[in-house]
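# Architecture and fold: a report
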Amino acid sequence: MSDRHYTVLLYSDDPRVRDQMRLAVGTRPAPGLTVEFVDAASYDECIRLFDDYEIHLLLLDGEATPAGGIGIARQIKDDRDDTPPVCLVIARSADRWLAAYAQVEATLVHPLDPVTTGATVAELLRAHAPA
């Protein structure tokens, strides 16, 4: 059986946070899943990559500035019908209500735990896999 290949868009204005997200997910978050990443450091880059690639999951930094992942998630959900699942990385568990407002499918809290992160990403990819 061959692996299913997915593209994950990582968004943060901080390259260290993008590296942390990439490392926490890994290229094989679960058996049978292979992930490649595209990185965005700004709102414009995020939208351009979203338009240019077949993105299967958005992993957004809720603490990014000036455009935060919460706002980007909400805008994409409002503007498009074909959105892939969104996982929002937040600094405080108490901010989950903001993630709910942004209509994201999952949240993770800094610092990222690789086991939880990989399992969350794998679950989202499997649940929303193209037919």
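The following refers to the structure shown. (Residues numbered from 1 in each chain as written. Predicted model: local features only at pLDDT ≥ 70, side-chain atom pairs only at ≥ 80, totals over all residues. Heavy atoms only, no water.)

## Comments concerning the environment of Q103
With respect to the helices, strands and loops of the structure, Q103 is situated in the loop between helix 4 (96-101) and strand 5 (106-109). What makes Q103 partly exposed here is its relative accessible area of 37%. A sequence separation of 25 residues divides Q103 from D78, and the C-alpha atoms of the two residues are 9.2 Å apart. In this view, Q103 contacts R74, K77 and D78; residues no more than four positions away in its chain are not counted. (Helix = DSSP H or I, 4+ residues; strand = E, 2+ residues; numbered from the N terminus. Buried < 20%, exposed > 50% of the residue type's maximum accessible area, 1.4 Å probe, protein only. Contact = heavy atoms within 4.5 Å.)

## Focus: the packing of aromatic side chains
Here the structure, examined in full by the defined rule, presents zero aromatic pairs. Seen from the ring of F37, R22 lies directly overhead, with NZ or CZ sitting 5.7 Å from the centre. (Phe/Tyr/Trp six-rings, centres within 6.5 Å; stacked < 30°, edge-to-face > 60°. Lys NZ or Arg CZ within 6 Å of the ring centre and 35° of its normal.)

## A closer look at the nonpolar core
Membership of the largest hydrophobic core comes to 23 residues, with the highest contact counts inside it found for L9, Y11, L58 and L60. Of all the secondary structure elements, the ones that give two or more residues to this core are strand 1 (4-11), strand 2 (33-40), helix 2 (43-52), strand 3 (57-61), helix 3 (69-79) and strand 4 (86-90). Those residues in contact with L60, other than ones at most four positions away along the chain, are Y11, C46, G69, I72, A73, V86, C87, L88 and V89. Counting 22 residues, the second-largest nonpolar core is a separate cluster that includes V25, F37, V89 and A122. (Core = buried A, V, L, I, M, F, W, Y, C linked by side-chain atoms within 4.5 Å.)

## Comments concerning the packing of helix 2 against helix 3
Two elements in contact, helix 2 and helix 3, have axes separated by 11 Å at closest approach and are oriented at 35°. In terms of crossing hand, the pair formed by helix 2 and helix 3 is right-handed. Here Y43, C46, I47 and F50 of helix 2 lie close against helix 3, whose contacting residues are I72, Q75 and I76. Split by residue class, the contact of helix 2 with helix 3 holds six nonpolar, one polar and no charged. (Axes fitted to C-alpha atoms, helices over the stretch in contact; angles between N-to-C directions. Left-handed = near helix turned anticlockwise from the far one by under 90°. Nonpolar A, V, L, I, M, F, W, Y, C, P; charged D, E, K, R; others polar.)

## Here we look at the pattern of salt bridges
Under the definition given, this model contains ten salt bridges. When the shortest N-O distance is used, the salt bridge between D3 and R28 registers 2.1 Å. Here the residue D3 occupies a position in the segment before strand 1, and R28 occupies one in the loop between helix 1 (15-25) and strand 2, the gap between them amounting to 25 residues. A relative accessible area of 24% places D3 in the partly exposed class. Ionic pairing is found between D39 and R18, a salt bridge with its closest N-O pair at 3.3 Å. In this pair, D39 sits in strand 2 while R18 sits in helix 1, placing the two residues 21 residues apart along the sequence. A relative accessible area of 11% places R18 in the buried class. One network of salt bridges, with partners in common, ties together R18, D19, R22 and D39. (Salt bridge = Lys/Arg side-chain N within 4 Å of Asp/Glu carboxyl O.)

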